[in-house]
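Single-letter residue listing:
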Amino acid sequence: MRRIIFATKNQGKIAEIQEIMKELNLEILSLESAGIDADIIENGSSFEENAIIKVKEIMKLTNDIVMADDSGLEIDYLNGAPGVYSSRFEGENTPYDIKNNKILSMLEGVPDEKRTARFVCVIAVGFPNGEIITTKGTIEGRIGYEIKGENGFGYDPIFYVPEYNMTTAQMSPQLKNQISHRAKALNQMKAQLRIRLGEILE
Ligand code: ITT
């Protein structure tokens, strides 16, 4: 089976990506399970730049195909923050109930129509020949008024999706993995991989 090294330390992302990619005949390995230890400095100014930085750093350490995800939450009322700083917002190791409550307090008194936000995900894949391709997905929603739901990770408990009348943390993993920013970016990437790797994947 063809291997892909997935350049992330985020367990929430790995679980979602393995689920979304499962019908392809690919073994998706986390950095840990591939025995790779790397401290990547994500100093790009866009999701695309950071996804490519992650892929390039890991490509230096392996000849396998490398995949990375750079993602985040853009809140319109905060001019797109936390954006590329989503995981560093209020400190990288700060628990998400504190980060989420901080965002709720920054939006206190802000009416519904100004609470618009989106999750953005860029997936980058680097091939052993040096070529790197990216795909992007978004999901539109609103910042809720309280923390709701136990599923997912990160900012899911405050990301309310009006069409489903629930936060992405209240969704089943199956539903989130059908409609999320990550699902959209990965589905486009699956199509690209099918073109490039063809029958190996079926
Ligand atoms: P890696 O760089 O190791 O992949 P990371 O968590 O630092 O892990 P990012 O720099 O891409 O990854 O930051 C993404 C952050 O955006 C993530 O930590 C969450 O806070 C938020 N985020 C992204 N996708 C999300 C989702 O589906 N649900 C909730 N929060 C999400």
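Residues numbered from 1 in each chain as written. Predicted model: local features only at pLDDT ≥ 70, side-chain atom pairs only at ≥ 80, totals over all residues. Heavy atoms only, no water.

1. Comments concerning the nonpolar core
Ranked by size, the top nonpolar core spans 22 residues in total, and within it Ile17, Met21, Met67, Ile123, Val125 and Leu193 carry the most contacts. Elements with a contribution of two residues or more to this core: β1 (2–6), α1 (11–20), β2 (26–30), β3 (65–75), β4 (116–126) and α5 (181–197). Of all the elements, α5 adds the most residues to this core, at six residues. One finds Ile103, Ala117, Ile158 and Val161 within the second-largest nonpolar core, a separate group that totals 19 residues. (Core = buried A, V, L, I, M, F, W, Y, C linked by side-chain atoms within 4.5 Å. Buried < 20%, exposed > 50% of the residue type's maximum accessible area, 1.4 Å probe, protein only. Helix = DSSP H or I, 4+ residues; strand = E, 2+ residues; numbered from the N terminus.)

2. Structural notes on the packing of aromatic side chains
Under the definition given, this model contains two aromatic pairs. Seen in terms of ring centroids, Tyr96 and Tyr155 are 5.1 Å apart; in terms of plane orientation they differ by 85 degrees. Their pairing is edge-to-face. Highlighted residues: Tyr96 in helix α3 (residues 96–106) and Tyr155 in the loop between β5 (132–143) and β6 (159–161), separated in sequence by 59 residues. Among the residues examined, Tyr155 registers a relative accessible area of 5% and is labelled buried. When the ring of Phe119 is compared with that of Phe159, the centres are 4.3 Å apart and the planes differ by 40 degrees; the resulting orientation is tilted. Of the two residues, Phe119 sits in strand β4 while Phe159 sits in strand β6, which places them 40 residues apart along the sequence. Neither Phe119 nor Phe159 differs from the other in exposure class; each is buried. The positively charged end of Lys99 is found above the aromatic ring belonging to Tyr96, 4.7 Å away from the centroid. The cationic tip of Arg115 hangs over the ring face of Tyr145; the distance from NZ or CZ to the ring centre is 4.0 Å. (Phe/Tyr/Trp six-rings, centres within 6.5 Å; stacked < 30°, edge-to-face > 60°. Lys NZ or Arg CZ within 6 Å of the ring centre and 35° of its normal.)

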